[in-house]
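Each chain, letter by letter, is given below.
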Amino acid sequence: MVAIVPEADPALAALLGETTTEIDVARKNRVFCNRNLRMDSIEMIGFDMDYTLALYHQERLEQLSIELTLKKLVEKHGYAEDIRTLTYDPRWAIRGLMVDRQLGNVFKMDRHAHVGRCYHGFRELDHDQRKATYRNEKINLSSDRFEWIDTLFGLPEAVMYTTLVDWANRRGGTVDYDKLFGDIRAAIDEAHRDDTLKTVIKADLPAYIVKDPLLGETLHKFRSSGKKLFLLTNSLWDYTNVVMGYLLDGERKAYPSWRNYFDIVIVGGAKPAFFNELRPFVQIDPASGQAVSQNGEIRHLSRDKVYQAGNVVAFEQMTGIKGEQVLYIGDHIYGDILRLRKQHMWRTAMVLQELEREITVSERLEAQIQDLDLLDRRHRNLESEIDYQSLRLKKIQRLIEDDSTAEPLLARLEEERRIARTSIEALKERASLMDAEVDSLEARIDRAYNSHWGSCLREGNENSRFGEQVNDYADLYTSRVSNFGPYSPLRYFRAPRRPMPHEI
């Protein structure tokens, strides 16, 4: 006998609402796992602010950053006024590029540090030029010669550098590429340091900052599960207070102020120094933003106070929560993620704002990407057949040249040699056509992500260097903090099984 389940009470169904599971979440809004993580073992969750809790309208912010930097290059560094009339395309650069300050190049590497594509100004170097420049000796990425563009804040540097290298080369004469980058870096740092940039942002927050309506609900859900929350940002109090107030003040009745969401607030953290130096905590007066005079070092972090600087060792001692009980969510591989994984035991989650677009493009091109995979497999099989036929031809050739080979066999061997040569020529011609088809399809797919660089997470068949570092150092990654909302705060995030090449 089959039991009939009665229809749910409409009033009860309305009260309970719908329960969302991961499969109901659009792929671009999911949380992805590199390393198993049990959320029920996490007692405290920390957040960076810029590009983590506060996402930016990227093109507008880059345009503002470029305009302010060019102004300083002209007024303070003696550059010609006409650099302000050049076209600077904020969409040109992606995260994960490398700047060669010595040669004036910008390039992208795969996970093996192989330079996959490279530009000098707006001129792309061909394969032979890349090989001659970067394949004869190991690239020392820790050298002052190279600068890694690993944050979204750094993209304007790459855009301006490329544009000004092109401009300087067209003017003729010797160009000091190292000084050019140094001047750009100094000017953009000045715009950040003297609050030129942040003053403009604070005057028109909606124009530059994305207000996520689900952020407050997500933080509340974490708190409701018993987890403590803290803010750890490099931004100073005046900017932090304005931005966080815009994002969270009044979003939920239980949290009239953004500070009500957090058990600890730390500004001016100067990461990665927070993780590798022993700087003392300093209490800040929220009204004035100035340091509060204190007798001796701070021994307790209070919910109703604001702190600046500090260090991870003292933080763990004062909270009594340490190691794998802490999850820190940030956007910066070096400042937020890499140092934590190399020197401490905190778990990590990375916010990749560009991930939403990357996944959208991947889904739109799913059929073409599958075609490329199929072509790659067929190409490998074709090359294997060419190798087999070439080895067979060599054996036939040796037998023909061997004096001991019987005369009656020579005619048959000659015929086999002719057939093998014809077969190899046909296979090579087919492989050449397939090469061209693969290159064309790969170029079309790349251009859909970025017309110059392709996906920021991939380079050819490999992870890009940036993608590999996300893979190595971020336990979790997602496009925004509110993506945690549909998941249980006690969820066990499991990494997918990753086969080795011999298992595929």
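First things first, this report covers the structure right here in the doc. Keep in mind that what you see is a predicted model, and the values were worked out from it rather than measured.

1. What about the overall build of the protein chain?
Thought 1: On a plain count of helices and strands, the protein chain comes out with 16 helices and 20 strands.
Thought 2: Expressed as lengths along the three principal axes of its C-alpha atoms, the size of the protein chain is roughly 105 × 90 × 40 Å.
Thought 3: Counting all 504 residues of the protein chain, 48% fall into the buried class.
Thought 4: Of all intrachain contacts in the protein chain linking residues separated by at least 6 positions in sequence, the fraction that spans at least 24 positions is 76%.
Thought 5: When the accessible surface of the protein chain is split by element, carbon and sulfur atoms take 49% of a total near 26,200 Å².

2. Concerning the packing of helix 2 (residues 58–77) against helix 5 (residues 177–193)
Thought 1: Contact pair helix 2 / helix 5: the axes reach a minimum separation of 8 Å and the direction vectors enclose 110°. Here helix 2 is positioned roughly perpendicular relative to helix 5, judged by the angle of their axes. The two elements helix 2 and helix 5 meet at a crossing, and its hand is right-handed. Contacts between helix 2 and helix 5 involve Ser 65, Leu 68, Thr 69, Lys 72, Leu 73, Lys 76 and His 77 from the first element and Asp 183, Ile 184, Ala 186, Ala 187, Ile 188, Glu 190 and Ala 191 from the second.
Thought 2: Of the residues that constitute the contact of helix 2 with helix 5, the class distribution is seven nonpolar, three polar and four charged.

3. Some remarks on unusual backbone geometry
Thought 1: A cis amide bond links Lys 271 with the next residue in sequence, Pro 272, at an omega value of 10°.
Thought 2: Although it is not a glycine, Asp 195 sits at a positive phi angle of roughly 65°.
Thought 3: Residue class for Asp 195 comes out partly exposed when judged on its relative accessible area of 27%.
Thought 4: Phi is positive for Ala 270, close to 50°, though the residue is something other than glycine.
Thought 5: The topology assignment puts Ala 270 in the loop between strand 12 (264–267) and helix 10 (273–276).

4. Concerning the nonpolar core
Thought 1: By size, the foremost hydrophobic cluster in this structure holds 106 residues, and its most contacted members are Phe 47, Ile 201 and Phe 262.
Thought 2: It is helix 4 (residues 155–171) that contributes the most residues to this core, nine residues altogether.
Thought 3: Ignoring any residue separated from it by four or fewer positions in sequence, one finds Phe 262 in contact with Phe 47, Leu 53, Leu 219, Arg 223, Leu 229, Phe 230, Leu 231, Met 244, Leu 248 and Arg 303.
Thought 4: Grouped together as the second largest cluster of nonpolar side chains are 19 residues, Leu 232, Ile 264, Ala 314 and Met 318 included.

5. Structural notes on the sheet that holds strand 11 (residues 228–232)
Thought 1: If you walk across this open sheet you meet the nine strands as 1-19-16-15-3-11-12-14-13, and the pairing is mixed. Two strands bound the open sheet, and with one partner strand each, they are strand 1 (32–33) and strand 13 (281–284).
Thought 2: Where strand 3 (residues 44–47) meets strand 15 (residues 326–330), four bridges bridge the pair, whose relative direction is parallel. Following the sheet pairing, Gly 46 is matched in strand 15 by Tyr 328.

6. Some thoughts on the sheet that holds strand 7 (residues 115–120)
Thought 1: The sheet built from five strands is open, its strands ordered 8-7-6-5-9 with antiparallel pairing. Because the sheet does not close on itself, it has two edges, and the strands there are strand 8 (123–124) and strand 9 (146–149).
Thought 2: Two elements, strand 6 (residues 105–109) and strand 7, share five bridges in a ladder whose sense is antiparallel. In the sheet register, Asn 105 faces strand 7, and the bridge partner there is His 120.

7. Quick look at the packing of helix 6 (residues 196–203) against helix 9 (residues 237–248)
Thought 1: It is at 11 Å that the axes of helix 6 and helix 9 come closest, and there the two elements cross at 25°. With respect to helix 9, the axis of helix 6 lies roughly parallel. The handedness of the crossing between helix 6 and helix 9 is left-handed. Mapping the contact onto sequence places Lys 198, Ile 201 and Lys 202 in helix 6 and Asp 238, Tyr 239 and Val 242 in helix 9.
Thought 2: Looking at side-chain class alone, the contact of helix 6 with helix 9 contains three nonpolar, no polar and three charged residues.

8. Looking at the state of the cysteines
Thought 1: This model, assessed by the stated rule, comprises zero disulfides.
Thought 2: Not engaged in a disulfide, the cysteine Cys 33 finds its nearest cysteine sulfur in Cys 456; these two sulfurs lie 19 Å apart.
Thought 3: Residue classification places Cys 33 among the buried positions, given a relative accessible area of 8%.
Thought 4: No disulfide involves Cys 456; its sulfur sits 19 Å from that of Cys 118, the nearest cysteine.

Scoring rules and cut-offs
Residues numbered from 1 in each chain as written. Predicted model: local features only at pLDDT ≥ 70, side-chain atom pairs only at ≥ 80, totals over all residues. Heavy atoms only, no water. Helix = DSSP H or I, 4+ residues; strand = E, 2+ residues; numbered from the N terminus. Buried < 20%, exposed > 50% of the residue type's maximum accessible area, 1.4 Å probe, protein only. Contact = heavy atoms within 4.5 Å. Areas by Shrake-Rupley, 256 points an atom, 1.4 Å probe, with all protein chains shown as cover. Axes fitted to C-alpha atoms, helices over the stretch in contact; angles between N-to-C directions. Parallel < 35°, antiparallel > 145°, perpendicular 65-115°, else oblique. Left-handed = near helix turned anticlockwise from the far one by under 90°. Nonpolar A, V, L, I, M, F, W, Y, C, P; charged D, E, K, R; others polar. Core = buried A, V, L, I, M, F, W, Y, C linked by side-chain atoms within 4.5 Å. Pairing = 2+ DSSP bridges. Disulfide = S-S within 2.5 Å.

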